[in-house]
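# Structural characterization, general
Residue strings, one per chain:
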Amino acid sequence: MTHRVIFVCLGNICRSPTAHGIFEEKAREAGLDVHVEGAGTGAWHVGEPPDRRMQAAAKAAGYDLSHLRAQQFEAADFGRFDAIYAMDRQNLADIEALRPAGNTTPVMLFLSHGPSTREEVPDPYFEGGFDAVVDMVAETCDALVASLKR
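What comes next concerns the included structure. Worth saying up front: this structure is predicted, and the values here are computed from it rather than measured.

## Re the pairing of strand 2 (residues 34-40)
As a general feature of sheets, a regular strand has side chains that alternate between the two faces. Across the 7 residues that make up strand 2, a large majority, 5, are buried. Crossover strand 1 (residues 3-9) to strand 2 through helix 1 (residues 15-29) is right-handed.

Here's what the structure looks like:
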């Protein structure tokens, strides 16, 4: 069975591509059959690669994000994925606002599946902290992969 998941942040150039790249690699290493994508609730960066600072932090931790390109989350994604993971509460609300009537695809805060005591992945675009975001995302991806293997 293929697990179809999408990770969503604001612009799809920092947090969600990091989750996309790390989860895809960890799931493959665990032998899981997955289809993974990332998206942003905004369209500012559609077609662009992840932020260069995010790519550098991920690369330093052993993950390559260079093949990813930003796309915008759309209502049709509710029918394309088994689970939707939002990086923060505002993205979760923006995703839910697009939910088609009668759709039951789960939309969850990404960090709720990992060991972090935080609820939201901080956005490093303006604040920095790219390395910390990579570590936080990797820990949560480990937990998410473990839950899918059960």
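The rest of the description comes next.
## A few points about the pattern of salt bridges
By the definition in use, this model includes 10 salt bridges. With a closest N to O distance of 2.9 Å, Asp-88 and Arg-15 form a salt bridge. Remark: Arg-15 occurs in helix 1 and Asp-88 occurs in the loop between strand 3 (83-86) and helix 4 (89-96); sequence separation between them is 73 residues. Among the residues examined, Asp-88 registers a relative accessible area of 14% and is labelled buried. Residue classification places Arg-15 among the buried residues on the basis of a relative accessible area of 2%. When the shortest N-O distance is used, the salt bridge between Asp-123 and Arg-15 registers 3.6 Å. In this pair, Asp-123 is assigned in the loop between strand 4 (107-109) and helix 5 (124-127) and Arg-15 in helix 1, connecting sequence segments 108 residues apart. By sharing partners, the salt bridges in this structure join Arg-15, Asp-88 and Asp-123 into a single network.

## Brief notes about the packing of helix 1 against helix 6 (residues 130-149)
Between helix 1 and helix 6, the least distance of the axes is 9 Å, while the angle of their chain directions is 45 degrees. Judged on the interaxial angle alone, helix 6 and helix 1 are oblique. Between helix 1 and helix 6 the crossing geometry is right-handed. Here Arg-15, Thr-18, Ala-19, Ile-22, Phe-23, Lys-26 and Ala-27 of helix 1 come into contact with helix 6, specifically with Val-133, Val-134, Val-137, Ala-138, Cys-141, Asp-142, Leu-144, Val-145 and Leu-148. Here the residues of the contact of helix 1 with helix 6 are counted per class, giving 12 nonpolar, 1 polar and 3 charged.

The rules behind these values
- Residues numbered from 1 in each chain as written.
- Predicted model: local features only at pLDDT ≥ 70, side-chain atom pairs only at ≥ 80, totals over all residues.
- Heavy atoms only, no water.
- Buried < 20%, exposed > 50% of the residue type's maximum accessible area, 1.4 Å probe, protein only.
- Helix = DSSP H or I, 4+ residues; strand = E, 2+ residues; numbered from the N terminus.
- Right-handed = clockwise from strand over helix to strand, strands pointing away.
- Salt bridge = Lys/Arg side-chain N within 4 Å of Asp/Glu carboxyl O.
- Axes fitted to C-alpha atoms, helices over the stretch in contact; angles between N-to-C directions.
- Parallel < 35°, antiparallel > 145°, perpendicular 65-115°, else oblique.
- Left-handed = near helix turned anticlockwise from the far one by under 90°.
- Contact = heavy atoms within 4.5 Å.
- Nonpolar A, V, L, I, M, F, W, Y, C, P; charged D, E, K, R; others polar.

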